[in-house]
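Listed below are the residues making up each chain.
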Amino acid sequence: MAVCVAVIGKDNSPKYIKCTDEANALQFHYKVHTSIDIVEEKLNIGNKTAVDVRELFLGMLYSTEEYKIFGYATNTKIKFIIVLQSSNATLRDNEVRMMFRKLHIAYANAVSDPFYIPGDQIQSKTFDSAVMEIMGLLTEEKKLSK
């Protein structure tokens, strides 16, 4: 499913980035950071007259030959970026929305941990497993272990 999942803080600093292909992780980091500009345009951060009533799902931010990058922003300006392969044409917007909802719930659970220091990197095993499930790796590992 997803090849990269990122959580970006309200100050545009990365809080969590996980990629399926660690050899090309730098390429995905670049794609995630270039998508932040598009997220900010969609959120109208520079426009103070904009009403802050919006849908959390931002839709497809941009597409390349190989990947489609989708965005989601919380009410607290935390941004989620998911990079999908373009070859996966069967994936619909509703399925991408569900991926973001699962990611948002996992994020809320991770930052609700009393040992989490706000603003730090996310280092939670339960958050990792939720991201792996979104990326489709957890189901593959379960199939291989059987």
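Conventions adopted
- Residues numbered from 1 in each chain as written.
- Predicted model: local features only at pLDDT ≥ 70, side-chain atom pairs only at ≥ 80, totals over all residues.
- Heavy atoms only, no water.
- Axes fitted to C-alpha atoms, helices over the stretch in contact; angles between N-to-C directions.
- Helix = DSSP H or I, 4+ residues; strand = E, 2+ residues; numbered from the N terminus.
- Parallel < 35°, antiparallel > 145°, perpendicular 65-115°, else oblique.
- Contact = heavy atoms within 4.5 Å.
- Nonpolar A, V, L, I, M, F, W, Y, C, P; charged D, E, K, R; others polar.
- Buried < 20%, exposed > 50% of the residue type's maximum accessible area, 1.4 Å probe, protein only.
- Pairing = 2+ DSSP bridges.
- Expected span 1.5 Å × (residues − 1).
- Arc of directions from axis to C-beta.
- pLDDT = per-residue confidence, 0-100.
- Salt bridge = Lys/Arg side-chain N within 4 Å of Asp/Glu carboxyl O.

Engineer: Help me understand the packing of helix α2 (residues 93–111) against helix α3 (residues 125–135), please; the structure alone is not making it clear to me.
Structural biologist: Two packed helices can be described by the angle between their axes and the distance between those axes. Put simply, α2 and α3 touch, their axes get as near as 9 Å, and they point 175° apart. It follows that α2 is roughly antiparallel to α3 by the angle criterion. Contact residues: M99, K102, L103, A106, Y107 and A110 in α2; F127, A130, V131, E133 and I134 in α3. Considering only residue class, the contact of α2 with α3 consists of nine nonpolar, no polar and two charged.

Engineer: Quick question: what am I supposed to make of the pairing of strand β1 (residues 2–8) here?
Structural biologist: On a regular strand, each side chain points to the face opposite its neighbour's, so the side chains alternate between the two faces of the sheet. Taken across its seven residues, β1 has seven buried, putting it largely inside the fold. Inspection of the sheet shows β1 paired to strand β5 (residues 79–85) by six bridges, in the antiparallel sense. Across the sheet, A2 pairs through a bridge with L84, a residue of β5. One ladder, built from five bridges, connects β1 with strand β2 (residues 14–19); its direction is antiparallel. Across the sheet, the residue bridging to V7 is Y16, located in β2.

Engineer: Any chance you could explain α2 here in plain terms?
Structural biologist: At 3.6 residues per turn, the α-helix brings residues three or four places apart onto the same side. Here α2 contains 19 residues, and its C-alpha end-to-end distance of 27 Å stays within 8% of the 27 Å for a straight helix at 1.5 Å per residue. Within α2 the residues assigned to the buried category are V96, M99, F100, L103, A106, Y107 and A110. The buried residues of α2 occupy an angular sector of 125° when projected down its axis, which confines them to one face. Counted as exposed and oriented over 90 degrees from the buried face of α2: N94, I105 and N109. On the buried face of α2, the contacting elements are β1, β3 (57–63), β4 (67–73), β5 and α3.

Engineer: Which parts of the structure should I look at to understand the confidence of the model for the chain?
Structural biologist: For any part of a model where pLDDT is low, the fine detail of the predicted coordinates should not be relied upon. Taken as a whole, the chain shows an average pLDDT of 84; of its residues, 86% reach a score of 70 or greater. Taking the mean pLDDT of every element in the chain, the minimum, 46, falls on helix α4 (residues 137–145) and the maximum, 94, on β2. In this model, residues 138–146 is a region of pLDDT below 50 whose contacts with residues beyond four sequence positions or in other chains number four contacts.

Engineer: I would appreciate a short explanation of the sheet that holds β3 in the present structure.
Structural biologist: Backbone hydrogen bonds are what pair the strands of a sheet, in a parallel or an antiparallel way. The antiparallel open sheet is built from five strands, whose spatial order is β2-β1-β5-β4-β3. Here the strands that pair on one side only, and so sit at the sheet edges, are β2 and β3. The average undirected angle you get between the axes of adjacent strands in this sheet is 15°. Together, β1, β3, β4 and β5 form the strand contacts of α2, whose direction differs from that of β5 by roughly 135°.

Engineer: Is there a simple way to think about unusual backbone geometry in this case?
Structural biologist: Working note: non-glycine residues mostly have negative phi, and peptide bonds are mostly trans. Even without being a glycine, N12 presents a positive backbone phi close to 65°. Inspection of the secondary structure puts N12 in the loop between β1 and β2.

Engineer: Would you mind going over the pattern of salt bridges with me for this structure?
Structural biologist: Should their charged atoms come close, side chains of opposite charge can pair. Overall, the coordinates contain one salt bridge when judged by the stated rule. The salt bridge partner of E95 is R92, with a shortest N-O separation of 3.6 Å. With relative accessibility at 57%, the residue R92 sits in the exposed group.

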